Amino acid sequence: MSWPIAFYSPVATITKDEEKERKAKMSSLIQRYKDKVSSLPMNVDHDLCKYMGFWHFHGFWYHSKADFSVEAIMALQDHFEAQPTDIFLASHPKSGTTWLKALAFAIMNRNKFKTHSGSRPTHPLLTISPHDCVPFMESESFLNNPSFVNGLMHTHIPYTSLPKSIISSDCRIVYLCRNPKDVLTSYWHFLNKLKDDGSTPTRLDDAFELFSRGMSPYGSFWDHVIGYYKASLERPHKVLFLKYEDLKKNPEKEVTKLAMFIGNSFTEEEEFDGSVKKIIELCGFENLSKVNKDGKQTSKVLSDDIYFRKGIVGDSVNYLTNEMIQTLDKITNEKFDGLNISFEA
Ligand SMILES: Nc1ncnc2c1ncn2[C@@H]1O[C@H](COP(=O)(O)OS(=O)(=O)O)[C@@H](OP(=O)(O)O)[C@H]1O
């Protein structure tokens, strides 16, 4: 079966009729995958699945309430054709995706848009969300209209479940990893922000129990990290492994590394004239959270401000109990045993 439309179409310009036709074909294709998804195993063995159900697919868990993603992954696996020049940003949810999107977009488009000048600044990151600058592959809007600039896309798909062409085309992948305790803390806050309809908030100990059993969207968190980490050792020129904590601690070094890896190294002049610092500032939590603070847009599923909370390292100590911290540290030590992955916080 071939994809009903040309799937790879950078910044496609299509007519309204073509768009309508594309959507109709896409929803019938997705419907076929929905039938497959309904036969996947779920975490029904657990009390919490009443309000936090997860499908199990190719060794990872996917939130059943956001069930579109599993169909989308199946569709992408069967039909997505990556190009060798594409750049894929990858992360487990709540690991700093928004930040990575902003940085990669700003680096790749630094000669195109103005951040500061006497005239009106034109940089998209001064007015719109990083999520609108870099599309999320397994989303409905991307599948319906796969347009993007510079071949830059983001995915949460685990390495072993990526569409095969992403590996075989030899394109580059940047993975951002974060301390699991902060990932859980961020995810739990996010879950409850989603419930601004007054429904019962998710309790932290419930979120903790599921997370530590590997049940987070695209989890287990640890297996997600291990997949990309090992790939970065096997294919260092094609897979770059970054850490949120390193970006916080030494942003210039990490941003320079990122720019070099994606083929947009800073020139000596740029390093000298403060260009790296300007990008870091533009993509910093302070600036982006300000730009995206009035995020309630009716046309969007999620508001822009939902991706910004504190943006710091180690906030988990303010929420997790000592017992939770010890359990997560133990899992992390066991899972990452023999791997050079560690976190300060
Ligand atoms: N620019 C910048 N710098 C540093 N940190 C940032 C930035 N933007 C977002 N954040 C923080 O990242 C957390 C959200 O994670 P993600 O962006 O991965 O979320 S998502 O997966 O796209 O839904 C979430 O972390 P917590 O504050 O710990 O909840 C955000 O605040």
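Cut-offs used in this document
- Residues numbered from 1 in each chain as written.
- Predicted model: local features only at pLDDT ≥ 70, side-chain atom pairs only at ≥ 80, totals over all residues.
- Heavy atoms only, no water.
- Pairing = 2+ DSSP bridges.
- Helix = DSSP H or I, 4+ residues; strand = E, 2+ residues; numbered from the N terminus.
- Axes fitted to C-alpha atoms, helices over the stretch in contact; angles between N-to-C directions.
- Contact = heavy atoms within 4.5 Å.
- Polar contact = N/O pair within 3.5 Å; in protein donor to acceptor, adjacent residues only side chain to side chain.
- Near = heavy atom within 4 Å.
- Areas by Shrake-Rupley, 256 points an atom, 1.4 Å probe, with all protein chains shown as cover.
- Nonpolar A, V, L, I, M, F, W, Y, C, P; charged D, E, K, R; others polar.
- Core = buried A, V, L, I, M, F, W, Y, C linked by side-chain atoms within 4.5 Å.
- Buried < 20%, exposed > 50% of the residue type's maximum accessible area, 1.4 Å probe, protein only.
- Disulfide = S-S within 2.5 Å.
- Parallel < 35°, antiparallel > 145°, perpendicular 65-115°, else oblique.
- Left-handed = near helix turned anticlockwise from the far one by under 90°.
- Expected span 1.5 Å × (residues − 1).

Asks: In this structure, what is going on with the sheet that holds strand β4 (residues 152–155)? I would like to understand it.
Replies: The four strands are arranged β4-β3-β5-β6 in an open sheet whose pairing can be described as parallel. Each edge of the sheet is formed by a strand with only one pairing partner; in this case those strands are β4 and β6 (239–243). Sheet twist, expressed as the mean angle between neighbouring strand axes with direction ignored, is 20°. Helix α3 (residues 97–108) rests against β3 (87–91), β4, β5 (172–177) and β6 of the sheet, and its axis sits at about 160° to β3.

Asks: Help me understand the side chain of His131, please; the structure alone is not making it clear to me.
Replies: Along the polypeptide, His131 turns up in helix α4 (residues 130–133). A polar contact is formed between the side chain of His131 and the side chain of Thr98, at a distance of 2.9 Å. Engagement of the side chain of His131 in a polar contact is seen with the side chain of Lys101, the distance being 3.0 Å. Setting aside its immediate chain neighbours within four residues, His131 contacts Thr97, Thr98, Lys101 and Tyr307.

Asks: For this particular structure, what's the right way to read the site of the ligand?
Replies: Inspection of the region around the ligand gives 21 residues, with Lys94, Thr97, Thr98, Ser186 and Lys310 positioned closest. In the environment of the ligand, a nitrogen atom lies 3.4 Å from a nitrogen or oxygen atom belonging to the backbone of Phe285. Between an oxygen atom of the ligand and a main-chain N or O atom of Gly311, the distance comes to 2.7 Å. Considering the ligand on its own, with 640 Å² of exposed area, one finds that the protein chains cover 97% of that surface. Mapped onto the shell around the ligand, the elements with two or more residues apiece are α3 and α14 (285–291). Tallied by class, the residues present in the shell around the ligand amount to eight nonpolar, nine polar and four charged.

Asks: Teacher, can you tell me more about the nonpolar core here?
Replies: Generally speaking, a soluble globular protein has its nonpolar side chains buried in company with each other. Val70, Phe80, Phe88, Met137, Ile166, Ile173 and Val225 are the most contacted members of the largest nonpolar core, which totals 57 residues. In terms of residue count, the dominant contributor to this core is helix α9 (residues 221–234) (seven residues). Excluding residues within four positions of it along the chain, Val225 makes contact with Tyr175, Cys177, Phe241, Phe336 and Ile341. Listed in part, the 34 residues of the second largest apolar core include Ala104, Val134, Tyr244 and Ile262.

Asks: Would you take a moment to explain the state of the cysteines for this structure?
Replies: Covalent bonding between the sulfur atoms of two cysteines defines a disulfide. Overall, the coordinates contain zero disulfides when judged by the stated rule. Looking at Cys177, it has no disulfide partner, and the nearest cysteine sulfur is the one in Cys283, 20 Å off.

Asks: Explain the environment of Ala259 to me, please; I cannot follow it from the model alone.
Replies: Mapped onto the fold, Ala259 is located in helix α11 (residues 251–261). Overall, the relative accessible area of 0% leaves Ala259 in the buried class. Along the backbone, Ala259 and Ala106 are 153 residues apart, and their C-alpha atoms lie at a distance of 9.8 Å.

Asks: Please clarify how the pairing of β4 should be interpreted in this entry.
Replies: In regular strands, side chains alternate between the two faces of the sheet. Both faces of β4 are covered, namely the face carrying Leu152 and His154 and the face carrying Met153 and Thr155. With four bridges connecting them, β3 and β4 associate as parallel partners. Paired with Ala90 across the strands is Thr155, a residue of β4.

Asks: Whenever I open this one, the environment of Asn340 confuses me. Can you help?
Replies: In this fold, Asn340 is placed in the segment after α15 (322–335). Once the C-alpha coordinates of Asn340 and Tyr229 are considered, the two residues, 111 residues apart in sequence, prove to be 9.1 Å apart.

Asks: Quick question: what am I supposed to make of the packing of helix α7 (residues 180–194) against helix α8 (residues 204–212) here?
Replies: To characterise two packed helices, one gives the angle between the axes of the helices and the distance between these axes. Remark: α7 packs on α8, axes separated minimally by 10 Å, with the N-to-C direction vectors making an angle of 130°. Judged by the inter-axis angle, α7 sits oblique to α8. At the point where α7 passes α8, the crossing takes the right-handed sense. Note on element contacts: α8 touches α7 through Leu204, Ala207, Phe208 and Phe211, opposite Pro180, Val183, Leu184 and Trp188. Classifying every residue of the contact of α7 with α8 gives eight nonpolar, no polar and no charged.

Asks: So what exactly am I meant to see when it comes to α7 here?
Replies: Relative to the 21 Å expected for 15 residues at 1.5 Å per residue, α7 spans 21 Å between its end C-alpha atoms, a close match to the ideal helical length. Within α7, the full set of buried residues consists of Pro180, Lys181, Asp182, Val183, Leu184, Thr185, Ser186, Tyr187, Trp188, His189, Phe190 and Leu191. Of the surrounding elements, those touching the buried residues of α7 are β1 (54–57), β2 (60–63), α8, α9 and α15. With a side-chain oxygen positioned 2.9 Å from the backbone nitrogen of Lys181, the residue opening α7 is Asn179.

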